[in-house]
Protein chains: 4
Amino acid sequence: NNPFILIGGPCVIESEEHTFYMAREISKITNELNIPFIFKCSFDKANRSSVDSFRGPGIDEGLRILKKVKTELNIPVISDVHTEEQIPKAVEVLDIVQVPAFLCRQTDLLVNIAKYNVVVNVKKGQFLAPWDMQSVIGKIESQGNHNILLTERGVTFGYNNLVSDMRSLVVMKETGYPVVYDGTHSVQLPGGLGCASGGQSEFIPHLCRAAVAVGVSSVFLEIHNNPTEAKCDGPNVLNLKNLKELLKQLKMIDSVVKN
Amino acid sequence: NNPFILIGGPCVIESEEHTFYMAREISKITNELNIPFIFKCSFDKANRSSVDSFRGPGIDEGLRILKKVKTELNIPVISDVHTEEQIPKAVEVLDIVQVPAFLCRQTDLLVNIAKYNVVVNVKKGQFLAPWDMQSVIGKIESQGNHNILLTERGVTFGYNNLVSDMRSLVVMKETGYPVVYDGTHSVQLPGGLGCASGGQSEFIPHLCRAAVAVGVSSVFLEIHNNPTEAKCDGPNVLNLKNLKELLKQLKMIDSVVKN
Amino acid sequence: NNPFILIGGPCVIESEEHTFYMAREISKITNELNIPFIFKCSFDKANRSSVDSFRGPGIDEGLRILKKVKTELNIPVISDVHTEEQIPKAVEVLDIVQVPAFLCRQTDLLVNIAKYNVVVNVKKGQFLAPWDMQSVIGKIESQGNHNILLTERGVTFGYNNLVSDMRSLVVMKETGYPVVYDGTHSVQLPGGLGCASGGQSEFIPHLCRAAVAVGVSSVFLEIHNNPTEAKCDGPNVLNLKNLKELLKQLKMIDSVVKN
Amino acid sequence: NNPFILIGGPCVIESEEHTFYMAREISKITNELNIPFIFKCSFDKANRSSVDSFRGPGIDEGLRILKKVKTELNIPVISDVHTEEQIPKAVEVLDIVQVPAFLCRQTDLLVNIAKYNVVVNVKKGQFLAPWDMQSVIGKIESQGNHNILLTERGVTFGYNNLVSDMRSLVVMKETGYPVVYDGTHSVQLPGGLGCASGGQSEFIPHLCRAAVAVGVSSVFLEIHNNPTEAKCDGPNVLNLKNLKELLKQLKMIDSVVKN
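This structure is a prediction, so every number in the text was calculated from the model and none was measured.

Enquirer: Looking at this structure, I do not really get the overall build of chain A. What am I missing?
Expert: Summing up its helical and strand segments, chain A has eight helices and 13 strands in all. Expected size for 259 residues packed as a compact globule is a radius of gyration near 18 Å; at 17 Å, chain A falls within 12% of this value. Considering only intrachain contacts with a sequence separation of at least 6, the fraction spanning at least 24 residues in chain A is 69%. Summed over all atoms, the accessible surface of chain A reaches about 8,500 Å², with 48% contributed by carbon and sulfur. Once the 26 positive and 28 negative side-chain charges of chain A are each reduced to a mean point, those two points are 3 Å apart.

Structure representation (structure tokens):
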């Protein structure tokens, strides 16, 4: 029942400079509002819609930048891994290792991350019922690891659309593990642009308020200072300039719900 | 941007005594919390799952009781009509005439209610996209009637399940008409009990908080003092004893969102 | 296990001349292929998307034309009713009375048709699981009427889309009643054109072949000689010129499946 | 427009003996019916619901057995890979390399298989629209590989359920690549048993007939001689004893459709 944490940052590491800029700007806001902040940024986008999409700097350069953010700015960092090979390097740097939604059923990936006793954030697959996360949890717990976060990011609703079933947050909380609401991937329109995913960023604040009103441990947001120029997921990121106002509202709703 | 209104009451008129009891009990709570209250009760459940289901006292006896509630307790009343024949009688008594979700596309029903210039609350069909309510609105507006409420009550999500797409509230608000969130029918499991619909009343408070956090003009709740004995929709009604606590939370969230 | 029957015709009675033209043209083809044929045409489209949509000639003129088709061309006729008031007139003329999908749960409508011991064809609501048709059947059987047809016409699949779940045909057949596959409404894109429903007529033959391969008693098709000029449902009707080829294929598949 | 091919076999390699038994029994039937046959069996089930589920013999032992089947029985073999590391070994043995549905968007996996110019069978993710397979194809074609099969295995339809949208077969055929219908995974009830996926094997013949009637290049079936004892996917496999009858029907429908 602690106040919610922000997990946020740009979708992908565009450059060291941009990554630092975003981490600093977001942390200014979260410091001011007294909201715990974990910086999120991907070093590799391994399942982009198109083979030509920008993927990021790769694991070595990406982890170097994230480590620098962590050390110099004193902000915990989270990023996602896609293969077992990436795990040993990733756990050296990351405070939380994230498992992408499409990979949430890959037993070896889950088990091998779990072995390191790092915190694991598993995104619920778009194809999964919330109660089926119990089996995902079982794979991680099988290694004695109980540091688990569960993230809702929308469920398949017809073609090229996701719906945020707010009941899912309640069902996943019943596992006893903290639940995260991903307010930006939830507004994706998967494949909606033909060769890329579209998005409905106008719904981000609404869905985040709804999720916080249900009660979550964390809100996950992809944030960019210039969404139209973002190298990934531009159509569904939150514009940095709208972050402060949103977080203020979320904080007030959170305190109503948790008192 | 006014504070939300409660539209609430038992699913069906079980008896004059029970109807008055419920109207009084609910209005005690809403008076105390200073929440505007409209009493809802059906005189006929015309589309129950089974032919053997309880349907209510019928239109004449039902409207007699609702008129008495309205006059003696000074509470505005809303109820639903299912045929054009019921309309002239209904508009004599009701402050708001409700169109059931399954009937939201029946042109003659909509047009004939609209002619009376009464307030019309249309429940969005479980099969309808929120933007398609624009055509429903057009049917009512064609009669010069602009007193329209639009209600979200969940959308078909696979078999025997509904999901509350919170984006729908935002889309429907863009029509300019007040949006109502029906927090109890939204947790129905249609047909889920074989010969009747099941329900997940445990989700009612969560979904209502979410909807109010998105921003709605009204919350619609079916409420019963003894859900297990309710003659209709027992599995998805709110227990009267939980109403006050829920309304208090909703009021606080509402004030955060609308300030 | 009899060969399949064609229920077909234009969506709506556009004129007496056009109705006769269509009935004659279709029956020429079905006679040649030795396929039993029931002529379908609506006298009133009571739930069009828009208030301005063409609705048809109304019940009196419509039934007059259908009676003439029946008598002069010696073809059985089916049409749909929307209110209890229409029933006594309709049963005078129609061989089969059809209940529209949106109205498939309206108890009074079902019960009052059932009383006449006419054949009732109920379209499964887009919001209904196939096993839930058992309750619909129960309403008709409550009047001692066991002349029931059950029609699949697609189930809500996200927004503005329907999917034909072929399992539904099997589930409904287990009730013991004949199952009809509606191959043209199943390709509707409800509300997909803003003020009207779109359609994907290119899928009609594919879905009909699939349904017949599963095994059905009847295929239901809306057919028009000039789809782009059709006064209703143009985007999802079958072009008359493609009917013969389709029926030939269906007949061959039907005979494989039923032998 | 060639007659359809059977891709079939047990879900997982249970033992060398059982694998040979199944390959022989199936090929007896396909030889008799003159249906081309590719033997399918997995060496590792990498995304089972539960961490305790049986996974198979692993890649080295698994490929050894598959190679032996291929050489001794002269039957082409297909199996699935889950990581880039498995690819070089797999392409040494397999005639077709299969990409599991959950992994169908993993760029590196697709690209690295494609490099070997082997035939790639990609299962469409349960979360993907059929037209979005174009981007998947693009990843494979980027390596100059045009030996691609596309498999439909059902799309997410609410929780714990999949629906086979027969339109998907038509949409995917428009890419120009052969389309496979997976008639056994399509009847899975994902997660439906709590710690495992349920299944509705009674629908397998119906859905296969439907898919063949739409027109496919291949039918994919998991087959077991003793489904209740199968080490994987028992609830949704086809019983070996029903294979011959089904294939005979499919062959007749296929010839109707392709003539």
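Enquirer: What should I look at first to understand the interface of chain B and chain C in this one?
Expert: In many analyses, interface size is given as the accessible surface area lost on bringing the parts together. Tallying the contact residues gives 40 residues for chain B and 40 residues for chain C. Carbon and sulfur atoms supply 50% of the area that chain B and chain C bury against each other, a total of about 3,200 Å² over both sides. Connecting chain B to chain C are two salt bridges. The closest approach of N and O atoms between R55 of chain B and D108 of chain C, which form a salt bridge, is 2.7 Å. For the pair chain B and chain C, the interface holds 12 residue pairs in polar contact (both at pLDDT 80 or more). Of all the elements in the fold, those that place two or more residues in the side of chain B that touches chain C are helix 4 (107–114), helix 5 (133–141), strand 7 (155–156) and helix 6 (167–173) of chain B. Broken down by class, the residue content of the side of chain B that touches chain C amounts to 14 nonpolar, 15 polar and 11 charged.

Enquirer: Explain the relation of the copies chain B and chain C here, please?
Expert: Each of the two chain copies goes to the other by way of a rotation about an axis and a shift along it. Relative to chain C, chain B is turned by 180° and slid 0.0 Å along the rotation axis, the superposed coordinates differing by an RMSD of 0.0 Å. Here the transformation between the copies is reduced to the relation of a two-fold axis. Interface residue correspondence from chain B to chain C reaches 100%, placing this contact among same-surface, isologous pairings.

Enquirer: Is there a simple way to think about the relation of the copies chain A and chain D in this case?
Expert: Rotating chain A by 180° and translating it 0.0 Å along the rotation axis places it on chain D, where the RMSD comes to 0.0 Å. The fraction of interface residues of chain A whose copies in chain D are also interface residues reaches 100%, indicating that both copies meet through the same surface.

Enquirer: Explanation requested: the packing of aromatic side chains in the structure shown.
Expert: Within a pair of aromatic rings, the relevant descriptors are the distance that separates the centres and the angle that separates the planes. Counting across every chain of the model gives 20 aromatic pairs over all chains. Ring geometry for F127 of chain A versus F127 of chain D: centroids 5.8 Å apart, planes at 35°, classification tilted. Of this pair, F127 of chain A sits in the loop between strand 5 (119–123) and helix 5 (133–141) while F127 of chain D sits in the loop between strand 5 (119–123) and helix 5 (133–141), on two different chains. Exposure remark for F127 of chain A: the relative accessible area of 8% places this residue in the buried category. Look at Y159 of chain B and W131 of chain C: their rings are 5.1 Å apart centre to centre, the planes differ by 70°, and that puts the pair in the edge-to-face class. Pair noted here: Y159 of chain B is in the loop between strand 7 and strand 8 (162–163) and W131 of chain C is in the loop between strand 5 (119–123) and helix 5 (133–141), and the two residues belong to different chains. Y159 of chain B sits in the buried class, given a relative accessible area of 11%. The rings of W131 and F157 of chain A, W131 and F157 of chain B, Y159 of chain C together with Y159 of chain D are connected pair by pair, giving a single aromatic cluster.

Enquirer: Sorry if this is basic, but what is going on with the packing of helix 1 (residues 16–33) of chain B against helix 2 (residues 59–73) of chain B here?
Expert: Helix packing geometry: the angle between the two helix axes and the distance between the axes. Residue and element names in this part refer to chain B. Remark: helix 1 packs on helix 2, axes separated minimally by 10 Å, with the N-to-C direction vectors making an angle of 35°. For helix 1 against helix 2, the interelement crossing comes out right-handed. In this structure, helix 1 uses E16, T19, F20, A23 and R24 to contact helix 2, whose residues at the interface are R64, I65, K68, V69, E72 and L73. When its residues are assigned to classes, the contact of helix 1 with helix 2 shows five nonpolar, one polar and five charged.

Enquirer: Help me out: how do you make sense of the interface of chain A and chain D in this one?
Expert: Contacts between the two partners involve 40 residues from chain A, matched on the other side by 40 residues from chain D. Together, the buried faces of chain A and chain D total about 3,200 Å²; carbon and sulfur atoms form 50% of this surface. Going through the elements one at a time, helix 4 (107–114), helix 5, strand 7 (155–156) and helix 6 (167–173) of chain A are the ones with two or more residues in the side of chain A that touches chain D. Split into classes, the residues belonging to the side of chain A that touches chain D amount to 14 nonpolar, 15 polar and 11 charged.

Enquirer: Mind showing me how you'd approach the side chain of E152 of chain A here?
Expert: Residues and elements named next belong to chain A. For E152, the position within the fold is in strand 6 (residues 148–152). From its side chain, E152 meets the backbone nitrogen of G154 in a polar contact 2.9 Å long. Setting aside anything within four residues of it in sequence, one finds E152 in contact with K124, S168, L169, M172, V180, Y181, D182 and S186.

The rules behind the values
Residues numbered from 1 in each chain as written. Chains lettered and ligands numbered in written order. Predicted model: local features only at pLDDT ≥ 70, side-chain atom pairs only at ≥ 80, totals over all residues. Heavy atoms only, no water. Helix = DSSP H or I, 4+ residues; strand = E, 2+ residues; numbered from the N terminus. Rg over C-alpha atoms; globule rule 2.2 N^0.38 Å. Contact = heavy atoms within 4.5 Å. Areas by Shrake-Rupley, 256 points an atom, 1.4 Å probe, with all protein chains shown as cover. Lys, Arg positive; Asp, Glu negative; His and termini not counted. Charge placed at Lys NZ, Arg CZ, Asp CG, Glu CD. Buried area = accessible area lost by both parts, 1.4 Å probe. Salt bridge = Lys/Arg side-chain N within 4 Å of Asp/Glu carboxyl O. Polar contact = N/O pair within 3.5 Å; in protein donor to acceptor, adjacent residues only side chain to side chain. Nonpolar A, V, L, I, M, F, W, Y, C, P; charged D, E, K, R; others polar. Least-squares fit on C-alpha atoms with pLDDT ≥ 70 in both. Phe/Tyr/Trp six-rings, centres within 6.5 Å; stacked < 30°, edge-to-face > 60°. Buried < 20%, exposed > 50% of the residue type's maximum accessible area, 1.4 Å probe, protein only. Axes fitted to C-alpha atoms, helices over the stretch in contact; angles between N-to-C directions. Left-handed = near helix turned anticlockwise from the far one by under 90°.

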